[in-house]
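One-letter residues, chain by chain:
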Amino acid sequence: MVEKQKKPFEDNQFLETLDDLPMITVPTTMLPNIMDKVMDEHIRDQVKSFTIPAYMVILGLVYVLISMLSPTDLPWMDFLGMLFSSPESGLLNVFHHIFNICWQLISNQLLRTLIIDGIPYFLGATLAAGLVFLGLRVWVKSLHRNEKGSVEQ
Amino acid sequence: MVTPDSLTDEEVVDRIKTGEINLFEILVHRYQDRLVNYIYRMINQRDTAMELCQDVFLKVFKSLKQYDPEYKFTTWVHRIASNATIDWIRKKKLPTYSMESALNEDSPTLEHQLKSSDLNPHQTLEMRQLKSRIMIAIDELPLIYKELIILRHMNHLSYDEIARTVDLPLGTVKNRIFRGREMLKSVLVGERERRGHG
């Protein structure tokens, strides 16, 4: 009798009740929200993996374009050679070269183009560089759209 | 023909790793209810639970490369959710739920409610109230018991899975779950007796 008073709840019923507690419902927007974030993360990863080489190639192309428009004392082949044949291969070194290219382009090539070759050449080189960057941006965005489209299908 | 639904979690993970990113949707679909409810019961804040659950899934996705298929995916995903939730709880000072206010409601005896098998509408209401009180009592449990009770009785993990999830010996898990249940019972009995005397 005393034992019964100590255990007023039937164990099985108590466990059944515990196992059958109500759950909150998850909104239907949850899954697409998560998948959007996952896809963004995936795209970001993809972009990261080719961003540095892509920028290097683009800057190289811009440099080639400017070199062709205005031959200088630093031929583009030499410059690209210097860029890719560096004995150090660390990321900082890559950034150093990118910075170096930018600096060369701005301080040397573009100014020289502007001063020596005149405004039309300068505008042409700037426009070409802008178009290349714009093209890359459109391309990356289209990749993102394709990924999302494949999920929706 | 193999359909995505027939794949095990581990097979889905393998295919995601090979580039079928959209299959992650299957894992989200399979686990979102359990994880949201686990987090919600742990922190008692619905909107935050939703946000935290999204973060957990993103973390799961980012960590898929490190997933070791030797372990069950269920255990692994719950472990990430558990770590994220505990981290969140440590960072925030959560308000305590007032058990007194909820338990002092005028309601039928627990014993009567628990023994009901064929429930009429009135008894269904009573059962709902009982469940509500049990949930409040769970929320009042110390965290080490609360988490295990939720994993066992709401997420329906096995003892072994729980042990792997929270990285505790199997014996400790069984012991804590038993003690957690006893604490729940004692809270419910105490509440009933207080109402009986009141």
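Scroll up to find the structure.
Everything numeric in this text was worked out from a predicted model, so none of it was measured.

**Quick word on the overall build of chain A**
From N to C terminus, chain A includes 6 helices and 0 strands. Along the chain direction, N to C, the helices and strands of chain A fall in the order α-α-α-α-α-α. Within chain A, buried positions represent 33% of all 153 residues. In chain A, once contacts between residues fewer than 6 apart in sequence are set aside, the share between residues at least 24 apart is 71%. For chain A, the accessible area works out to roughly 9900 Å², and carbon and sulfur atoms hold 65% of it.

**Regarding the overall build of chain B**
Per the secondary structure count, chain B includes 10 helices and 0 strands. In chain B, the succession of α and β elements from N to C terminus is α-α-α-α-α-α-α-α-α-α. The 198 residues of chain B split such that 49% are buried. The long-range share in chain B, meaning contacts at least 24 apart out of those at least 6 apart in sequence, stands at 63%. In the structure as shown, chain B presents an accessible area of about 10200 Å², 49% of it carried by carbon and sulfur atoms.

**A look at the pattern of salt bridges**
All names here are of chain B. Within this structure, the stated rule accounts for 9 salt bridges over all chains. Taking the shortest distance from any N to any O, the salt bridge between glutamate 20 and arginine 15 comes out at 3.0 Å. Residue glutamate 20 is classed as partly exposed on the basis of its relative accessible area of 28%. Using a relative accessible area of 29% as the deciding quantity, one classes arginine 15 as partly exposed. For the salt bridge of lysine 72 with glutamate 161, the shortest nitrogen-to-oxygen distance reads 2.5 Å.

**Side note on the packing of aromatic side chains**
Residues and elements named next belong to chain B. Evaluation of the coordinates by the stated rule reveals 6 aromatic pairs over all chains. Judged by centre distance (5.6 Å) and plane angle (80°), the ring pair of tyrosine 67 and phenylalanine 73 falls under edge-to-face. Here phenylalanine 73 falls in the buried class, since its relative accessible area comes to 1%. Geometrically, the ring pair formed by tyrosine 67 and tryptophan 76 is tilted, given 5.0 Å between the ring centres and 55° between the ring planes. Here the aromatic residues Tyr31, Tyr67, Phe73 and Trp76 are joined through ring pairs into a cluster of three or more. Taking the ring centre of tyrosine 159 as reference, the NZ or CZ of arginine 152 above it sits at 4.5 Å.

**Re the environment of isoleucine 136 of chain B**
You can see isoleucine 136 of chain B is positioned in helix H7 (residues 121–140). Through-space distance from the C-alpha of isoleucine 136 of chain B to that of asparagine 44 of chain B is 9.9 Å; in sequence the pair is 92 residues apart.

**Digging into the packing of helix H3 (residues 46–63) of chain B against helix H4 (residues 73–91) of chain B**
Residues and elements named next belong to chain B. One way to put it is that H3 packs onto H4 with a least axis distance of 10 Å and a crossing angle of 130°. With respect to their mutual orientation, H3 and H4 come out oblique. The two elements H3 and H4 meet at a crossing, and its hand is right-handed. Note on element contacts: H4 touches H3 through Phe73, Trp76, Val77, Ile80, Ala81, Ala84, Thr85 and Trp88, opposite Thr48, Leu52, Val56, Lys59, Val60 and Ser63.

**Digging into unusual backbone geometry**
All names here are of chain B. The backbone of asparagine 44 sits at a positive phi, close to 65°, despite the residue not being glycine. Within the secondary structure layout, asparagine 44 lies in the loop between helix H2 (24–43) and H3. Asparagine 44 gets classed as partly exposed once you look at its relative accessible area, which sits at 29%. With phi around 60°, aspartate 167 is a residue other than glycine that occupies positive phi space.

**Here's the deal with the interface of chain A and chain B**
Each partner contributes residues to the interface: chain A has 30 residues there, and chain B has 41 residues. Carbon and sulfur atoms make up 72% of the surface buried where chain A meets chain B, a total of about 3600 Å² over both sides. Remark: the boundary between chain A and chain B carries 2 salt bridges. Linking chain A with chain B are 6 residue pairs in polar contact (both at pLDDT 80 or more). Secondary-structure elements contributing two or more residues to the side of chain A that touches chain B are helix H2 (11–19), helix H3 (30–69) and helix H6 (119–152) of chain A. The leading source of residues in the side of chain A that touches chain B is H3 of chain A, at 10 residues.

**A short note on H4 of chain B**
Taking 1.5 Å per residue as the helical rise, H4 of chain B with its 19 residues ought to reach 27 Å, and the 27 Å between its terminal C-alpha atoms agrees with that figure. The buried count for H4 of chain B comes to 14 of 19 residues, which makes it a mostly enclosed element.

What counts as what
Residues numbered from 1 in each chain as written. Chains lettered and ligands numbered in written order. Predicted model: local features only at pLDDT ≥ 70, side-chain atom pairs only at ≥ 80, totals over all residues. Heavy atoms only, no water. Helix = DSSP H or I, 4+ residues; strand = E, 2+ residues; numbered from the N terminus. Buried < 20%, exposed > 50% of the residue type's maximum accessible area, 1.4 Å probe, protein only. Contact = heavy atoms within 4.5 Å. Areas by Shrake-Rupley, 256 points an atom, 1.4 Å probe, with all protein chains shown as cover. Salt bridge = Lys/Arg side-chain N within 4 Å of Asp/Glu carboxyl O. Phe/Tyr/Trp six-rings, centres within 6.5 Å; stacked < 30°, edge-to-face > 60°. Lys NZ or Arg CZ within 6 Å of the ring centre and 35° of its normal. Axes fitted to C-alpha atoms, helices over the stretch in contact; angles between N-to-C directions. Parallel < 35°, antiparallel > 145°, perpendicular 65-115°, else oblique. Left-handed = near helix turned anticlockwise from the far one by under 90°. Buried area = accessible area lost by both parts, 1.4 Å probe. Polar contact = N/O pair within 3.5 Å; in protein donor to acceptor, adjacent residues only side chain to side chain. Expected span 1.5 Å × (residues − 1).

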